[in-house]
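Structure assessment
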Amino acid sequence: MCELLGMSANVPTDICFSFTGFLHRGGGTGPHRDGWGIAFYEAGGYRDFRDPHPSVRSPIARLITDYPIKSHIAISHIRQANVGEVRLANTHPFTREMWGRTWCYAHNGQLEGWQGLPLSFYRPVGDTDSEHAFCWMLASLRQYFPEAPALGSCDLSLGERHQALWQRLHQLCEMLRVKGVFNLLLADGEFLYTYCSTKLAHITRRAPFGSAELSDAELTVNFAEHTTPDDIVSVIATEPLTCNEAWVRMVPGELLVWRHGRIVARFVAESSSSAG
């Protein structure tokens, strides 16, 4: 299957270190050689890079490792094709506009019966189960919430409408999990959403910062040399990217909402205890 990489930070941060290890899994240390992509939210804007070729040999991927794009949210994906041809139109992450925001989505897994998900406002460009599910999910949210929820004044008072939106998103993820494997990264420029069907792990780095060593490449970094005491940076990946840090594995059916490097809400499957 594919692999996912995400980042949420409270200050503009580059993802070069994590991405260096991640890209080696795209045809190097891993079998995911059917394309890759990465998206950045920065200074109120959005940009992405996608390539249907293996990331380990991609000149564009090497550009990302050498060009420290600083952002608050980043999403990356390396593909092992199951549904749909290997081509640019089928390369994650996918994007759509809703409420005047650019929504970015990447999916790891394979769904059954996805053709039966009804489409309305959004339509796929490619022919993957992933993009079809994204179009269905975003249209479902748009139907329930014609207008965007207003941001609260702080992380602890985001308002009932945000809670309702997040609960609805979790319900939609649970509906897709029934159809197969559905690990998700989703962002709107303000929040990063991570949903675990089978595999996702995360780590939050904050002061006092230490050193980290990649599992897939010979590279070590001392974050204390590149950060301030106030920095908070969280990284999410299908499998832990470093071999000397304690990553936290998400549980199946768990949705985490990230903002500025922190978890601001958590929802779990009905069979488990839940909190928002």
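An account of the accompanying structure is given in this report. In this text the structure is predicted, and so the values were computed from the model without any measurement.

1. Description of the side chain of Glu131
- Among the structural elements, Glu131 can be located in helix H3 (residues 129-144).
- Judged by its relative accessible area of 1%, Glu131 is buried.
- At a separation of 2.9 Å, a polar atom in the side chain of Glu131 contacts the main-chain amide nitrogen of Val125.
- Within the local environment of Glu131, its side chain forms a polar contact with the backbone nitrogen of Gly126, the two atoms lying 2.8 Å apart.
- Once residues within four sequence positions are removed from consideration, Glu131 is found in contact with Ala89, Phe94, Arg96, Pro124, Val125 and Gly126.

2. Focus on the sheet that holds strand E9 (residues 201-206)
- Pairing is antiparallel in the open sheet, where 7 strands are placed in the order E3-E2-E4-E1-E12-E9-E13. The open sheet is flanked by strand E3 (45-51) and strand E13 (248-249), the only strands paired with a single partner.
- For strand E1 (residues 3-13) and strand E12 (residues 232-237), the ladder comprises 5 bridges, and the chain directions are antiparallel. Considered in E12, the bridge of Ala9 is made with Val233.

3. Details of the nonpolar core
- Ranked by size, the top nonpolar core spans 35 residues in total, and within it Met137, Trp166, Phe182, Leu186 and Tyr193 carry the most contacts.
- Among the elements of the structure, strand E5 (94-98), strand E6 (101-108), H3, helix H4 (160-177), strand E7 (183-187), strand E8 (192-196), strand E14 (254-259) and strand E15 (262-267) are those that each provide at least two residues to this core.
- For this core, the leading source of residues is H3, giving 8 residues.
- Apart from residues lying up to four places away in sequence, Phe182 is in contact with Tyr105, His107, Asn108, Leu111, Met137, Cys173, Leu176, Arg177, Tyr195, Cys196 and Ser197.

4. Thoughts on the pattern of salt bridges
- Using the criterion set out here, one finds 11 salt bridges in the structure.
- One salt bridge connects Arg101 with Asp188, and the closest N-O pair in it is separated by 2.8 Å. Residue Arg101 is found in strand E6, and its partner Asp188 is found in the loop between E7 and E8; the two are separated by 87 residues along the sequence. Across the pair, Asp188 and Arg101 agree in class, each one buried.
- As a salt-bridge pair, Arg259 and Glu190 come within 2.7 Å of each other at their nearest N and O atoms.

5. Considering the sheet that holds E15
- Read from one edge of the open sheet, 6 strands run E5-E6-E7-E8-E14-E15, paired in antiparallel fashion. Two strands close off the open sheet at either side, each with one partner strand: E5 and E15. Shown here is a sheet whose adjacent strand axes are inclined to one another by a mean of 20°, direction ignored.
- Lying over the sheet, H3 contacts E5, E6 and E7, oriented at roughly 15° with respect to E5.

6. Structural notes on the packing of aromatic side chains
- One pass over the full model with this rule turns up 11 aromatic pairs.
- Look at Trp166 and Phe191: their rings are 5.4 Å apart centre to centre, the planes differ by 75°, and that puts the pair in the edge-to-face class. Here Trp166 is found in helix H4, whereas its partner Phe191 is found in the loop between E7 and E8, with 25 residues between them in sequence.
- Every member of this aromatic cluster is reached through a ring pair, and the members are Trp99, Trp103, Trp166, Phe191 and Tyr193.
- Arg142 extends its terminal NZ or CZ atom over the ring of Phe121, reaching a point 3.6 Å from the ring centre.

Definitions and limits used
Residues numbered from 1 in each chain as written. Predicted model: local features only at pLDDT ≥ 70, side-chain atom pairs only at ≥ 80, totals over all residues. Heavy atoms only, no water. Helix = DSSP H or I, 4+ residues; strand = E, 2+ residues; numbered from the N terminus. Buried < 20%, exposed > 50% of the residue type's maximum accessible area, 1.4 Å probe, protein only. Polar contact = N/O pair within 3.5 Å; in protein donor to acceptor, adjacent residues only side chain to side chain. Contact = heavy atoms within 4.5 Å. Pairing = 2+ DSSP bridges. Core = buried A, V, L, I, M, F, W, Y, C linked by side-chain atoms within 4.5 Å. Salt bridge = Lys/Arg side-chain N within 4 Å of Asp/Glu carboxyl O. Axes fitted to C-alpha atoms, helices over the stretch in contact; angles between N-to-C directions. Phe/Tyr/Trp six-rings, centres within 6.5 Å; stacked < 30°, edge-to-face > 60°. Lys NZ or Arg CZ within 6 Å of the ring centre and 35° of its normal.

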